Structures are given as structure tokens and as C-alpha cells.
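# Descriptive analysis of the structure
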Amino acid sequence: MRVFSVISRSRYVSGRGRSAGLVAAVTALLALILLPAIAQAAAPSVLDVRLGRSGETTRFVLELSGKVDAKAFTLADPHRLIIDLPALDWELGSDFVPTGKGLIGSFRYGLFRPGNARVVIDLTGPAAISRSFVLPPDPASNRQWRIVFDLVGTSDQAFRAAAGWPDAQPAAAPAPKLPDVPSPQPASKARKVVVIDAGHGGVDPGALGARGTREKNVTLAFAKALGEAIRATGKYDVHLTRDTDIFIELRERVNIARRHGADLFISVHADSIERREVRGASVYTLSEKASDSEAARLARKENAADIIAGVNLGGDSDDVRDILIDLAQRETKNLSVRFAQTVIPKMSKVTRVLRNTHRFAGFRVLKAPDVPSVLIELGFLTNAEDEKNLTSASWRRDTAAAIARGVDAYFAERTAEAAAQ
Ligand SMILES: [Zn+2]
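Residues numbered from 1 in each chain as written. Predicted model: local features only at pLDDT ≥ 70, side-chain atom pairs only at ≥ 80, totals over all residues. Heavy atoms only, no water.

As recorded by an unreviewed UniProt entry, the protein chain carries the name N-acetylmuramoyl-L-alanine amidase and is attributed to Pyruvatibacter mobilis. Quoted verbatim from the Catalytic activity (unreviewed entry) field of the UniProt record, the comment on the protein chain reads "Hydrolyzes the link between N-acetylmuramoyl residues and L-amino acid residues in certain cell-wall glycopeptides." (UniProt positions renumbered as here; feature names shortened; annotations may be inferred.)

In C-alpha cells, the structure reads:
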């Protein structure tokens, strides 16, 4: 395993004779003028990301407003380069779309954990970091601080030998835990608890819309609207798995629901597909057998969220967990189906839904053994009409209100059943 810690080194600081004194004086003056503005900035900003290619070498450059330390390492299956950084403001503009060049297929960036930003680079093949360094600001070329990585191609064998996790993992991640079976019953709750999960986030942008809309932003806005709509009934406790642009592992989303003692878990997403004419919402519940190939495709895509973000999946023995869970899960599955069947008619009154709206597939985020869970795909970001809806506050309000009516109807039915027993 090879971990590259990139810290700035003084030998890269270039002062060119007498002009350096003048530059220093001007910089000091500028600093005085700019100080109040800079003091307010909590974190350095990423000003630009540049890719370059020279012969066999592919260069990746992050330009930043300040000096930061970076740590880089590679991961196999698929070939990825991960760069861990402190929290940063990404000032790349909402229309910035990452591209590839040379050994870089594409890349993602964003908050990974509180205080920890991450860049995940998809490599086009096995590659190694041949050089990495930090350059200080260069007034002559109007460049700020730069972190530079040079990549060269390598053999798959060499890549695998070097790939792996650094000993020191960034920030304190909540330890992934196997769900306990059977579930701990929280002391008698006065009110039903609904946990809403905004899909994706941070370094995992999710699907990309025709006009550049990112799924992670759509899901967060909708989760907030849905939370408001359900709270407005005055009957339920509502929690969100995230209320900022941050990455959360799939298993941790499940754990958040269980820690809150959720009676219902709703994960919201937006899909993308090659056929741009396809539009409409759909509701998914858990099944090891997907209801159709489209549902299977979708589950594969959504389940890849942890790989996309560069999460350590080592020791995740899904097989064992699945067997344990299956024993406790039948009733939960039935209730999930009941909720899906209750909410779909409410949704179809206010928005377009797909044919065979209720579908089944093996979504990892729906695997709480004791929490009825559904995943709602609100629409397709690749469809112009749907993308317009998904970014419209009034559509969000109407659709969230419809789902809230579904939540209310579902719990009313459950209460009536319990009273009749
Ligand atoms: Zn999604």
C-alpha cells in the first residue's frame, strides 16, 4: 500500500531576487485590504481543477485559495485514485462538469465526512502517482496554491500491490455495525417516527440531468419539503438522514433510521436513463428478485453509491447479513408493500407515474430488518419535463403533500388494524 501525503515544501517557494520584496509588500497591502473577507471564509476554496497530458504523464491539478494538506491513495475494483482533503468550499460553479483526459476517466468531489472533503478519480486503467507536490501562489501567472498529481500507467499487478487503505482513516466515521436482530424496541413512543433519506450527497452526486441538475441536490430539497409536509400534520416525528450536502454510506443511512426507532423509512431519489422520453415517478420495495431488468439496473446503480464515493467495503459480508435479516424481515416487507400501495394512488393524483409504478429490487438502503422502507424515484433527470418539475418548488410542495397524505393514510390504517385486534 502506498499513501502519498502532499504537504507544501519550502523549496517550491520561488522568490525572484529584488522583485520578491516588492511582491511581498504588495501582498501584505492586499492582505490588509482583503483580511476581513478572508477571515469570514471558514475553509479554503477550490478555485479550479485542471487536467493535463504530457507524453505518458497525466496531470491533475487542484487550485486552491489557501494551503491545505492532501493525502492520496489508490483503490482497485474499479481503478480509482482517492484524494482526501480538509473541508473545502467548491467554487467551481454550478455548471462545472468534470471531464476526463489521459489516465483520468472522470472525477467527483465534495464533502465526504464532516471536516473531510474528497476527490474520487475514476482511472481509465491501472496507474500510479509518479510525483505529487504543492506550488505556492504565483502572481506572475495569476495562480493560487496548487496541489499537483502526476500519474503514469502501470501494470495491473503493480496497481493491485500498491492499492489499499491508508492506516489513518480520515475523520471519525461512525463504525458500520451489523443491524441487531431482533430490533431493540425503543421505550414506548408517543408518536410514529418517519425518517426521510435524501439519496446521494457530497462526493457522490448521483444522476446528472440534461441541464446539469444533480440528483443529490434534488433529493435534499425534496427531503426537506417532504419533512415539512409530514410535520405539518402535527402527528409524526420526522428526521432526515442528512440536511446538508454530505456523503453518507448506505449502511449508515439504514442505521440512522434504526437509531431513531423509525416506523417508516422513505429514501428519495431521481433516476437517469439513455432514453430521454422516459418520465414519471416509481416506488420500490425490497426484494432479492428484481421485478424486471429496469429495476435490477436501477438497484445496481443506486447500490454503487459507496463505490462511487471511495468507501472501504472490506469486511462487508452481505451474504451472512442477508440470511440473518431474511428471518426477521417478512413482516417488514409486507408493511413496505402496504405503504407503497397506499402512497402511489396519492402521488398519481399530482404527478406522472411510471406504468407498473410499484417495483421490486435489492436496494441496500432498504435492508433494515425492522423498518418498513421504500425508495421513491421522483422522476427522470434526463427527461426535460421531469427535470423542470424536480427543480420546481411548487411541484416539490404538491408532491411532498401527496406523499404526506399517503404516510397519514398508511398509519391510520395500521392504527385501525391494531384497535380491531
Ligand atoms: Zn439515486
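After presenting the structure, the write-up continues.
Once that is clear, we can look at the sheet that holds strand E2 (residues 45-54). Pairing in this open sheet of 5 strands is mixed, and the strands run E6-E2-E3-E10-E9 from one edge to the other. Across the chains shown, the open sheet's two edge strands, defined by having one partner strand only, are strand E6 (89-90) and strand E9 (127-135). Pairing between E9 and strand E10 (residues 145-153): 8 bridges, direction antiparallel. Along E10, the bridge assignment pairs Arg131 with Asp150. (Pairing = 2+ DSSP bridges. Helix = DSSP H or I, 4+ residues; strand = E, 2+ residues; numbered from the N terminus.)

This part takes up the coordination of the zinc ion. Only His200 (NE2), Glu215 (OE), His269 (ND1), Glu302 (OE) and Glu302 (OE) from the protein coordinate the zinc ion, and they sit 2.1 to 2.3 Å from it. Mapping the donors of the zinc ion onto the primary sequence yields the spacing H-x14-E-x53-H-x32-E. Taken together, the residues His200 in the loop between strand E11 (192-198) and helix H3 (215-231) and Glu302 in helix H5 (residues 293-303) connect sequence positions 102 residues apart. In this structure, His200 and Glu302 share a single accessibility class: buried. (Donors = N, O, S within 2.8 Å, 3.2 Å for Na, K, Ca; no water. Buried < 20%, exposed > 50% of the residue type's maximum accessible area, 1.4 Å probe, protein only.)

What follows deals with unusual backbone geometry. Note on backbone geometry: most residues besides glycine have negative phi, and most peptide bonds are trans. Asp77 connects to Pro78 through a cis peptide bond whose omega is -5 degrees. Among the structural elements, Pro78 can be located in the loop between strand E4 (70-75) and strand E5 (80-86). With a phi close to 55 degrees, Asp77 is a non-glycine residue in the positive phi region. Position of Asp77 among the secondary structure elements: in the loop between E4 and E5. Within the chain, Asn142 stands out as a residue other than glycine whose phi angle is a positive 60 degrees. Within the secondary structure, Asn142 sits in the loop between E9 and E10. Owing to a relative accessible area of 61%, Asn142 belongs among the exposed residues under this scheme.

The subject of this paragraph is the pattern of salt bridges. In the structure shown here, the tally under the stated rule is 26 salt bridges. Residues joined by salt bridges that share partners form a network here, namely Asp271, Glu294, Arg297 and Lys301. (Salt bridge = Lys/Arg side-chain N within 4 Å of Asp/Glu carboxyl O.)

This brings us to the nonpolar core. In terms of nonpolar packing, the biggest core is built from 38 residues, with Leu226, Ile230, Ile266, Ile403 and Val407 touching the most fellow members. Only E11, H3, strand E12 (236-240), strand E13 (264-271), strand E14 (281-286), helix H7 (318-348), strand E16 (373-380) and helix H9 (393-420) provide two or more residues apiece to this core. Counting residues per element, this core draws most heavily on H3, which supplies 8 residues. Excluding residues within four positions of it along the chain, Leu226 makes contact with Ile196, Ile266, Val268, Ala400, Ile403 and Ala404. (Core = buried A, V, L, I, M, F, W, Y, C linked by side-chain atoms within 4.5 Å. Contact = heavy atoms within 4.5 Å.)

A word on H3. In this model, H3 (17 residues) spans 24 Å end to end at C-alpha, consistent with the 24 Å of a helix rising 1.5 Å per residue. For H3, the tally of buried residues reaches 12 of 17 residues, placing the bulk of the element in the interior. Of the residues making up H3, those classed as buried are Glu215, Lys216, Val218, Thr219, Leu220, Phe222, Ala223, Ala225, Leu226, Gly227, Ala229 and Ile230. (Expected span 1.5 Å × (residues − 1).)

Between two packed helices, both the angle of their axes relative to each other and the distance between the axes serve to describe the pair. At a minimum axis separation of 8 Å, H3 and H9 run at an interaxial angle of 50 degrees. With respect to each other, H3 and H9 are oriented oblique. Helix-helix and strand crossings are classified by hand; for H3 and H9 the assignment is right-handed. Taken together, the residues of H9 that come into contact with H3 (itself represented by Ala221, Phe222, Ala225, Leu226, Ala229 and Ile230) are Trp395, Arg396, Thr399, Ala400, Ala401, Ile403, Ala404 and Val407. (Axes fitted to C-alpha atoms, helices over the stretch in contact; angles between N-to-C directions. Parallel < 35°, antiparallel > 145°, perpendicular 65-115°, else oblique. Left-handed = near helix turned anticlockwise from the far one by under 90°.)

Before going further, it helps to examine the sheet that holds E13. With mixed pairing, 6 strands are arranged side by side in an open sheet as E12-E11-E13-E16-E14-E15. Looking at strand neighbours, the two that pair on one side only are E12 and strand E15 (353-361), the edges of this open sheet. Mean inter-strand twist for the sheet, computed between neighbouring axes without regard to direction, equals 20 degrees. When E14 meets E15, the two strands line up parallel, connected through 5 bridges.

We now examine the side chain of Glu302. Buried Glu302, no salt bridge; nearest opposite-charge side chain is Lys301, N-O distance 5.9 Å. For Glu302, the side chain forms a polar contact with the side chain of His200, separated by 2.8 Å. Among residues more than four places away in sequence, those in contact with Glu302 are His200, Glu215, Leu250, His269, Phe363 and Glu377. (Lys, Arg positive; Asp, Glu negative; His and termini not counted. Polar contact = N/O pair within 3.5 Å; in protein donor to acceptor, adjacent residues only side chain to side chain.)

This part is about H9. For H9, spanning 28 residues, the distance from its first C-alpha to its last is 40 Å, which sits close to the expected 40 Å at 1.5 Å a residue. Of all the positions in H9, only Trp395, Arg396, Thr399, Ala400, Ala402, Ile403, Ala404, Gly406, Val407, Tyr410 and Phe411 are classed as buried.

So, on to the pairing of E11. The side chains of a regular strand alternate, first on one face of the sheet and then on the other. Most of E11 is tucked away, with 6 of its 7 residues classed as buried. Taking the sense of rotation as the criterion, the β-α-β connection linking E11, H3 and E12 turns out right-handed. Sheet topology note: the E11/E13 ladder contains 5 bridges and is parallel. Paired with Val195 across the bridge in E13 is Phe265. (Right-handed = clockwise from strand over helix to strand, strands pointing away.)

What follows covers the environment of Arg276. Topologically, Arg276 is positioned in the loop between E13 and E14. Residues Arg276 and Asn383, spaced 107 residues apart in sequence, show a C-alpha to C-alpha distance of 5.0 Å. Beyond its immediate stretch of four places on either side in the chain, Arg276 contacts Ala210, Thr382 and Asn383.

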